[in-house]
Amino acid sequence: MADGTPLFESAINWIRKGYPEGIPPTEFPPLLALLTRVLDDNQVTDVVLRLARYYDVENPMTEDRIREAIAKVIRDEPNSEEINQVASRLASAGWPLASGVS
């Protein structure tokens, strides 16, 4: 990142800004799909765990559950409309669309 902020830290900031009320369950798969395009699995897991703590998720996310969700997104990627909807929301928070959306 030009400002010296690691990409996964920037992703957390974009998501917090784009989803101040929390991430709706229907938007979680497309969000994961976007994250897996720019971060490795460990970084995506770190982002999700941090966001779960930030949003005080009632049902705690474990690394295993996150890895399963990542695998499912890779296997059954959300459609482009769903991904673009989430990408548009994150773009308003500064998400670099050029590297996140195909």
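Our structure's up above, just so we're on the same page.
Cut-offs used in this document
Residues numbered from 1 in each chain as written. Predicted model: local features only at pLDDT ≥ 70, side-chain atom pairs only at ≥ 80, totals over all residues. Heavy atoms only, no water. Axes fitted to C-alpha atoms, helices over the stretch in contact; angles between N-to-C directions. Helix = DSSP H or I, 4+ residues; strand = E, 2+ residues; numbered from the N terminus. Parallel < 35°, antiparallel > 145°, perpendicular 65-115°, else oblique. Left-handed = near helix turned anticlockwise from the far one by under 90°. Contact = heavy atoms within 4.5 Å. Polar contact = N/O pair within 3.5 Å; in protein donor to acceptor, adjacent residues only side chain to side chain. Nonpolar A, V, L, I, M, F, W, Y, C, P; charged D, E, K, R; others polar. Salt bridge = Lys/Arg side-chain N within 4 Å of Asp/Glu carboxyl O. Buried < 20%, exposed > 50% of the residue type's maximum accessible area, 1.4 Å probe, protein only.

1. What to know about the packing of helix 2 (residues 28–38) against helix 3 (residues 41–54)
Here is step 1: Where helix 2 contacts helix 3, the axes come no closer than 9 Å and their chain directions differ by 140°. Taken together, the axis directions place helix 2 and helix 3 in an arrangement best described as oblique. In the crossing of helix 2 with helix 3, the sense of the turn from one axis to the other is right-handed. On helix 3, the residues that touch Phe28, Leu32, Leu35 and Thr36 of helix 2 are Val44, Val47 and Val48.

2. Things to note about the side chain of Thr45
Here is step 1: Examined against the element boundaries, Thr45 turns out to sit in helix 3.
Here is step 2: Polar side-chain contacts of Thr45 include one of 2.9 Å to the backbone oxygen of Asp41.
Here is step 3: Discounting chain neighbours no more than four positions away, the residues touching Thr45 are Glu63, Ile66, Arg67 and Ile70.

3. Re the packing of helix 2 against helix 5 (residues 80–91)
Here is step 1: At a minimum axis separation of 8 Å, helix 2 and helix 5 run at an interaxial angle of 75°. As far as their axial angle goes, helix 5 and helix 2 are roughly perpendicular. Contact with helix 2, carried on its side by Pro30, Leu31, Ala33, Leu34 and Arg37, involves Glu82, Ile83, Val86, Ala87 and Leu90 of helix 5 and no other residues of that element.
Here is step 2: The residue inventory of the contact of helix 2 with helix 5, partitioned by class, reads eight nonpolar, no polar and two charged.

4. Observations regarding the pattern of salt bridges
Pairing between side chains of opposite charge can happen when the charged atoms of each approach one another.
Here is step 1: Under the definition given, this model contains seven salt bridges.
Here is step 2: Arg37 serves as the salt-bridge partner of Glu77, at 2.6 Å between the closest nitrogen and oxygen. Of this pair, Glu77 sits in the loop between helix 4 (63–75) and helix 5 while Arg37 sits in helix 2; the two residues are 40 residues apart in sequence, bridging distant segments of the chain.
Here is step 3: Residue Asp76 is joined to Lys72 by a salt bridge in which the shortest nitrogen-to-oxygen separation is 3.3 Å.
Here is step 4: Relative accessible area serves as the criterion here: at 45%, Lys72 is assigned to the partly exposed category.
Here is step 5: Residues joined in a network through salt bridges with shared partners are Glu9, Asp46 and Arg50.

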